[in-house]
Amino acid sequence: MKLTYPAIFYEGEGGYSVEVPDLPGCVSGGASLAEAVAMGTDAASGWVLTELEDGRPAPKASPIEAVQVEAGGFASLLLLDMDEYAQKYGNKAVRKNLTIPAWLNSFAESRKVNFSQVLQDALTAMYRREAEAAE
């Protein structure tokens, strides 16, 4: 799903700020205009993804002509690719099949192992180790 939202940009000391009026509290910025557009898109995508994952619809976007811009600012549209963003950052569960030897399956089932939880825990631990190593 692709969505567009109007955003308001203001140039100030150290770069640009960006606000998305249709998404209350959605404010970001960047050192350059390009960075502000990217950061605004990321912030808006995160805002909308939270709504969608909580079972609420994405807010309706206002027409860009209706956006009130203070002196020194300008309005532009942000394009949100919600499918791509959700694939990278979403918490929605994704079904995966796996293959293990029969003896290991019997062992795990006799101990009432939750296969999904074991795999999720292992991958989360791996992710955290790699994130810490990258810092």
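The coordinates are above.
Criteria and thresholds
- Residues numbered from 1 in each chain as written.
- Predicted model: local features only at pLDDT ≥ 70, side-chain atom pairs only at ≥ 80, totals over all residues.
- Heavy atoms only, no water.
- 1 Å grid on protein atoms, 1.4 Å probe; cavity = no way out; pocket = protein on both sides within 12 Å on 5 of 7 lines; lining within 4 Å.
- Points joined across faces, edges and corners; volume = space filled by probe spheres on them.
- Phe/Tyr/Trp six-rings, centres within 6.5 Å; stacked < 30°, edge-to-face > 60°.
- Helix = DSSP H or I, 4+ residues; strand = E, 2+ residues; numbered from the N terminus.
- Buried < 20%, exposed > 50% of the residue type's maximum accessible area, 1.4 Å probe, protein only.
- Salt bridge = Lys/Arg side-chain N within 4 Å of Asp/Glu carboxyl O.

Asker: Quick question: what am I supposed to make of the layout of surface pockets here?
Answerer: Empty pockets left among the atoms are what a rolling probe the size of a water molecule brings to light. Quantified by volume, the second largest pocket comes out at close to 150 Å³. Taken together, Ala-38, Thr-41, Asp-42, Ser-45, Leu-79, Leu-80, Asp-81, Glu-84, Tyr-85, Lys-88 and Tyr-89 make up the lining of the second largest pocket.

Asker: What's the story with the packing of aromatic side chains in this structure? I'm lost.
Answerer: How two aromatic rings sit relative to each other is set out by the distance from centre to centre and by the angle between their planes. Applying the stated criterion across every chain yields a total of 2 aromatic pairs. Measuring from centroid to centroid gives 5.3 Å for Phe-9 and Phe-74, while their planes differ by 15 degrees, and the two rings are stacked. Placement of the pair is Phe-9 in strand β1 (residues 2-12) and Phe-74 in strand β4 (residues 73-81), with a sequence separation of 65 residues. Judged by its relative accessible area of 34%, Phe-74 is partly exposed. Note on Tyr-85 and Tyr-89: the rings are 4.7 Å apart at their centroids and 45 degrees apart in plane angle, and the pair reads as tilted.

Asker: Sorry if this is basic, but what is going on with the pattern of salt bridges here?
Answerer: As a working rule, side chains carrying opposite charge can pair if their charged atoms are close by. Tallied over the full model, the rule gives 3 salt bridges. As a salt-bridge pair, Arg-56 and Glu-51 come within 2.9 Å of each other at their nearest N and O atoms. Relative accessible area serves as the criterion here: at 39%, Arg-56 is assigned to the partly exposed category. Ionic pairing is found between Arg-56 and Asp-54, a salt bridge with its closest N-O pair at 3.1 Å. Exposure remark for Asp-54: the relative accessible area of 47% places this residue in the partly exposed category. Sharing partners across several salt bridges, the network here consists of Glu-51, Asp-54 and Arg-56.

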